Amino acid sequence: MASSSSLKHNAKQAGVQVRAYLASLPPDARRHLKKIREAIRAAAPGAVEGFSYGIPGFRLEGRPLVSYAAWKRHSSLYPMTAAIRRAHAAELEGYEMSKGTIRFPLTKPPPAALVRRLVKARVAELRRKAKA
């Protein structure tokens, strides 16, 4: 088990990496991702910010919760399981999806409420898996 001081150091380092990642983005993409980041924080206040595979994300109870990233024409939110995508299919209509990923065009950012619902569904999914 990691010590409290090493966890604080890792969280501080992740925060620096996330800020650097966001600063490296074009202004539109940065605004888009900051809104997604705020919605994730609102939906999972106990989640800890992290940085893995070159993109920002959040962990909950030591497990990966969600990651998000900006690309040239879209932002992505992952992992979003097939069950979550099916449960929110009506709200996700018009957004591109693939296995584990939802893509939001930079020209059509997702409503914060939608991101919060997706993240809350992911939190519930992780907690169900932890009990199994």
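Keep in mind the model is a prediction, meaning the values are calculated, not measured.

## A few points about the side chain of Thr101
Then step 1. By the secondary structure assignment, Thr101 is in strand E6 (residues 100-105).
Then step 2. On the basis of relative accessible area, Thr101 is assigned to the buried category, the value being 10%.
Then step 3. The contact partners of Thr101, leaving out residues within four places of it in the chain, are Ser76, Leu77, Tyr78, Met80, Arg85 and Glu96.

## Details of the packing of aromatic side chains
Then step 1. All told, the structure shown has 3 aromatic pairs when counted by the stated rule.
Then step 2. Measuring from centroid to centroid gives 6.3 Å for Phe58 and Tyr68, while their planes differ by 25°, and the two rings are stacked. Residue Phe58 is found in strand E2 (residues 55-60), and its partner Tyr68 is found in strand E3 (residues 63-70); the two are separated by 10 residues along the sequence. Exposure class is identical for Phe58 and Tyr68. Each is buried.
Then step 3. Directly above the aromatic system of Tyr95 lies the positively charged group of Lys108, at a separation of 4.6 Å from the ring centroid.

## With respect to the pairing of E6
Then step 1. For E6, a buried count of 5 out of 6 residues is recorded, marking the element as mostly surrounded by other parts of the structure.
Then step 2. Pairing between strand E4 (residues 74-80) and E6: 5 bridges, direction antiparallel. Counterpart to Ser76 in the pairing with E6 is Arg103.
Then step 3. By the bridge criterion, 3 bridges tie strand E5 (residues 96-98) to E6 in an arrangement that is antiparallel. Paired with Glu96 across the bridge in E6 is Arg103.
Then step 4. Here E5 folds back onto E6 in antiparallel fashion, the turn holding 1 residue.

## Section: the sheet that holds E3
Then step 1. Strand order in the open sheet formed by 6 strands is E1-E2-E3-E4-E6-E5, and the pairing between neighbours is antiparallel. Here the strands that pair on one side only, and so sit at the sheet edges, are strand E1 (48-52) and E5. Taking the axes of each pair of neighbouring strands and ignoring which way they run, one obtains an average angle of 25° across the sheet.
Then step 2. Strands in contact with helix H2 (residues 27-43) are E1, E2, E3, E4 and E6; relative to E3, the strand with the most contacts, it is inclined by about 160°.
Then step 3. This element, helix H5 (residues 112-131), spans E2, E3, E4 and E6 of the sheet and lies at about 150° to E3.

## Here's the deal with the nonpolar core
The tendency in soluble globular proteins is for nonpolar side chains to be buried as a group.
Then step 1. Ranked by size, the top nonpolar core spans 35 residues in total, and within it Ile40, Leu65, Leu77, Leu118 and Val119 carry the most contacts.
Then step 2. Residue assignment for this core shows that the elements contributing at least two residues are helix H1 (4-23), H2, E2, E3, E4, E6 and H5.
Then step 3. Residue contributions to this core peak at 7 residues, all from H5.
Then step 4. If near-sequence neighbours (up to four positions away) are discounted, Leu118 is found in contact with Leu77, Met80, Ile84, His88, Leu92, Ile102 and Phe104.

Cut-off values and rules
- Residues numbered from 1 in each chain as written.
- Predicted model: local features only at pLDDT ≥ 70, side-chain atom pairs only at ≥ 80, totals over all residues.
- Heavy atoms only, no water.
- Helix = DSSP H or I, 4+ residues; strand = E, 2+ residues; numbered from the N terminus.
- Buried < 20%, exposed > 50% of the residue type's maximum accessible area, 1.4 Å probe, protein only.
- Contact = heavy atoms within 4.5 Å.
- Phe/Tyr/Trp six-rings, centres within 6.5 Å; stacked < 30°, edge-to-face > 60°.
- Lys NZ or Arg CZ within 6 Å of the ring centre and 35° of its normal.
- Pairing = 2+ DSSP bridges.
- Axes fitted to C-alpha atoms, helices over the stretch in contact; angles between N-to-C directions.
- Core = buried A, V, L, I, M, F, W, Y, C linked by side-chain atoms within 4.5 Å.

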